[in-house]
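# Reading the structure
Take a look at the letters that make up each chain.
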Amino acid sequence: MKVTEKDVKYIAALSRLEISESEMPKFTEQFNQILNYADILEKVDTTGIEPTFSILPLYNVLREDEPRPGVTHEEALENAPAVHNDGFKVPRVIE
């Protein structure tokens, strides 16, 4: 498949990109190179190869979920700029 400058203009419009006339031949050639490479990959024999989303073995690297002591109520309010009714006092947003 050969990409033309008309195709590049259309793709640029869809992508909301501005491509100058001087850049048009460069982008046209790059699109054609990408499509040529895709044609090469299409010819590779993949018989017997299972589809996969990763070539590396996957394992869970997360730690075990263990309960730990949290912050006490007093510690939480310790650095509050203002306290009201035993909670954080914040400026009124709605008038």
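This text gives an overview of the structure that appears in the document.

## Side note on the overall build of the protein chain
- In terms of helices and strands, the protein chain carries three helices and two strands.
- Ordering the α and β elements of the protein chain from the N terminus gives α-α-α-β-β.
- Over its C-alpha atoms the protein chain spans a radius of gyration of 30 Å, topping by over 25% the 12 Å that the globule rule assigns to 95 residues.
- Dimensions along the principal axes, computed over C-alpha positions, put the protein chain at roughly 70 × 50 × 20 Å.
- For the protein chain, the residues scored as buried account for 9% of the 95 residues in total.
- For the protein chain, contacts bridging at least 24 residues in sequence account for 28% of all contacts bridging at least 6.
- Surface exposure of the protein chain reaches about 9,600 Å², of which carbon and sulfur atoms provide 58%.
- Averaging the positions of the 10 positive and the 18 negative side-chain charges in the protein chain gives two centres separated by 8 Å.

Analysis parameters
Residues numbered from 1 in each chain as written. Predicted model: local features only at pLDDT ≥ 70, side-chain atom pairs only at ≥ 80, totals over all residues. Heavy atoms only, no water. Helix = DSSP H or I, 4+ residues; strand = E, 2+ residues; numbered from the N terminus. Rg over C-alpha atoms; globule rule 2.2 N^0.38 Å. Buried < 20%, exposed > 50% of the residue type's maximum accessible area, 1.4 Å probe, protein only. Contact = heavy atoms within 4.5 Å. Areas by Shrake-Rupley, 256 points an atom, 1.4 Å probe, with all protein chains shown as cover. Lys, Arg positive; Asp, Glu negative; His and termini not counted. Charge placed at Lys NZ, Arg CZ, Asp CG, Glu CD.

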